[in-house]
Amino acid sequence: MPTTTPTGVRAGRSVSALICAVAVGAVTACAPSEGAVAPSQAAVAPASQAAVAPASPGAGASRGTTGAPGIGDPDFPSDGNGGYDVQHYDLRLSYDPSSRNLAGSATIQAKASQDLTSFDLDLHGLTVSRVTVDGAAASFSRSKDELVIEPARRISNGDPFAVTVDYSGVPQPMRDSANLGQYGFIPTSDGAFVTCEPNGAKTWFPSNDHPSDKATYDFRITVPEGLTAIANGEMAGTPQTKAGKTTFVWQEKHPMASYLATMTTGKFQVRTGKSDKGLPIYVAVADSFRGSLDPLFTETGKITDYWSTVFGPYPFSSTGGVIDDYAAGYALENQTKPIYGGFSPEPAIIAHELAHQWFGDSLSIGRWRDLWLNEGFATYAEWLWAEHTGKYTADSAFRRYYANAADPMWAYPPGTARSDDLFSAAVYTRGAMTLHALRREIGDEKFFPLIRAWTDAHRYGNVTTPEFIALAERVSGKNLKGLFDAWLFQPKRPATIT
Ligand code: TRP
Ligand code: ZN
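As the structure is a computational prediction, the values presented were derived from the model and not from experiment.

### Considering the coordination of the zinc ion (ligand 2)
Coordination of the zinc ion (ligand 2) by the protein comes from His352 (NE2), His356 (NE2) and Glu375 (OE), over a distance range of 1.9 to 2.0 Å. Coordination of the zinc ion (ligand 2) draws on donor residues from a single chain, spaced H-x3-H-x18-E in sequence. In this pair, His356 is assigned in the loop between helix 2 (347-355) and strand 23 (364-365) and Glu375 in helix 3 (residues 372-389), connecting sequence segments 19 residues apart. Both residues of the pair, His356 and Glu375, count as buried.

Here it is, written out as structure tokens:
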């Protein structure tokens, strides 16, 4: 169980006790008037984050023709791999909840970014029986969470190649890192709860397990008849049942970070339909949450439609959500279908997870230290939802947090999320406060167009903090280095906003 921040459990929930005194109908209706903001520390050194390059597919220190075992994220040096860029995962999976055995065949279409006589995939546990590269048997070995593959023939820089890995075994979730307790493929009594942020995709399929290498996905998941297997994107055709087993085919046609992939399985009640704006919705709830099926369906459609008016067009082909009966106590923004672990989410949490569809899923960070670009935005979206529904204003939330000078988040600069405390309250709350300070500094008439320009410019791509700062300066025409430095990079409480 997470102790602090992930959505659903953190203390910030109590901010909803604040009530906006003014009835609000639109996002800006409860907005503060644009005030002159003290140019706090405008003379301080420029934001100190620029020295570190983002990870990128194919990056990572290459040694000759050996693909690097990490993609180049300085805080997660063995996550992802170098030497290639994945385009597509074709995952054929069969799961038996009674034995907890997962049998898989993963075909990965990639493109080499250097000459390769060997390269790695990330894989945690499980037994590999066979690997082929472009149809020819390849030799392979295991070293910790790296599957090292030596193709029969050298792959040339720029060439596309396909690697197929056949494997099976009992998946072992990741434990006790990044303040999350367990994550990855978590077996449950009737199936599996699959939530992989930040690096748990490798608990169920061989992958380039880092958000800087996004790819499209096909899933073909076979489970005992009577169970439902839920993955990302949309279902292709009707599930087929044969000899007591049902196969579900799902396709995510938009690029997706590996940690957003899921194959959550169990006994579910399912409802499908469309939002008012015509977007397909798929929601599923474990039997014990039957009463939440219709509310989840309705809120998900309503909130997705609303965010598309605030953040820009919805990036994917469907929206949805899943409530499993595994009591994780937190939620994860799995692409197209956030998952809620053992609780019926209040609208603020649905608003948070659906905001992640833009911030995190469509626009993905290229290195984990930039996590505030996901969690700060999603937390700020909770405040915007509260403004929209008239519950409280973003300004009142900001002031409430600001008032606590002893909050540990002031010692944690959220612009550099730490690998040992990745999902810290600072990344969520101080990240959201950063956006509010920015909104006050540049005014609603620049802030909301900036957010739409941001989602538009980097749709389906990777982003970094310096890119956001640069766009904010361009859209506003202001020098914002002092503001961002104080809010994101200094280990102390910034001067207040006006
Ligand atoms: N991103 C999630 C949120 O704030 C929190 C989270 C991080 C998480 N890692 C996770 C949830 C792993 C489930 C599993 O919405
Ligand atoms: Zn979040």
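### Description of the confidence of the model for the protein
As a note on interpretation, predicted positions should not be read in detail where pLDDT is low. Averaged over all residues, the pLDDT of the protein is 90; the fraction at 70 or higher stands at 88%. The low-confidence segment residues 1-5 (pLDDT under 50) makes 21 contacts with residues lying over four places distant or belonging to another chain.

### Description of the packing of helix 1 (residues 293-310) against helix 2
At a minimum axis distance of 10 Å, the contact between helix 1 and helix 2 shows a crossing angle of 50 degrees. When the interaxial angle is binned, helix 1 and helix 2 end up oblique. Where helix 1 crosses over helix 2, the handedness of that crossing is right-handed. Packed against helix 1, whose contacting residues are Leu296, Glu299, Thr300, Ile303, Thr304 and Trp307, the element helix 2 presents Pro347, Ile350, Ala351, Leu354 and Ala355 at the interface. For the contact of helix 1 with helix 2, a count of residues per class yields eight nonpolar, two polar and one charged.

### As for the sheet that holds strand 6 (residues 139-143)
One open sheet holds the three strands; their spatial order is 3-7-6, and the pairing between them is antiparallel. Each edge of the sheet is formed by a strand with only one pairing partner; in this case those strands are strand 3 (119-122) and strand 6. In this sheet, adjacent strand axes meet at a mean angle of 25 degrees when their direction is disregarded. Taken together, the four bridges between strand 3 and strand 7 (residues 146-150) define a ladder with antiparallel strand orientation. By the bridge assignment for strand 7, Asp122 is matched with Glu146.

### A short note on the site of ligand 1
In the vicinity of ligand 1 lie 15 residues, with Glu197, Tyr330, Glu333, Glu353 and Tyr428 positioned nearest. One of the side-chain N or O atoms of Glu375 is found 2.9 Å from a nitrogen atom in ligand 1. Summarising the interface, the protein chains cover 100% of the accessible area of ligand 1, which totals 360 Å² for the free molecule. If you list the elements that add at least two residues to the shell around ligand 1, you get strand 21 (331-332) and helix 2. Partitioned by chemical class, the residues of the shell around ligand 1 number seven nonpolar, four polar and four charged.

### Let's talk about the packing of aromatic side chains
With the rule as written, the count across this model stands at 38 aromatic pairs. Centroid distance Tyr84 to Phe161: 6.3 Å. Interplanar angle 75 degrees. Geometry classified as edge-to-face. Of this pair, Tyr84 sits in strand 1 (residues 84-96) while Phe161 sits in strand 8 (residues 160-169); the two residues are 77 residues apart in sequence, bridging distant segments of the chain. The exposure class of Tyr84 is buried, given its relative accessible area of 1%.

Parameters at a glance
- Residues numbered from 1 in each chain as written.
- Chains lettered and ligands numbered in written order.
- Predicted model: local features only at pLDDT ≥ 70, side-chain atom pairs only at ≥ 80, totals over all residues.
- Heavy atoms only, no water.
- Donors = N, O, S within 2.8 Å, 3.2 Å for Na, K, Ca; no water.
- Helix = DSSP H or I, 4+ residues; strand = E, 2+ residues; numbered from the N terminus.
- Buried < 20%, exposed > 50% of the residue type's maximum accessible area, 1.4 Å probe, protein only.
- pLDDT = per-residue confidence, 0-100.
- Contact = heavy atoms within 4.5 Å.
- Axes fitted to C-alpha atoms, helices over the stretch in contact; angles between N-to-C directions.
- Parallel < 35°, antiparallel > 145°, perpendicular 65-115°, else oblique.
- Left-handed = near helix turned anticlockwise from the far one by under 90°.
- Nonpolar A, V, L, I, M, F, W, Y, C, P; charged D, E, K, R; others polar.
- Pairing = 2+ DSSP bridges.
- Near = heavy atom within 4 Å.
- Polar contact = N/O pair within 3.5 Å; in protein donor to acceptor, adjacent residues only side chain to side chain.
- Areas by Shrake-Rupley, 256 points an atom, 1.4 Å probe, with all protein chains shown as cover.
- Phe/Tyr/Trp six-rings, centres within 6.5 Å; stacked < 30°, edge-to-face > 60°.

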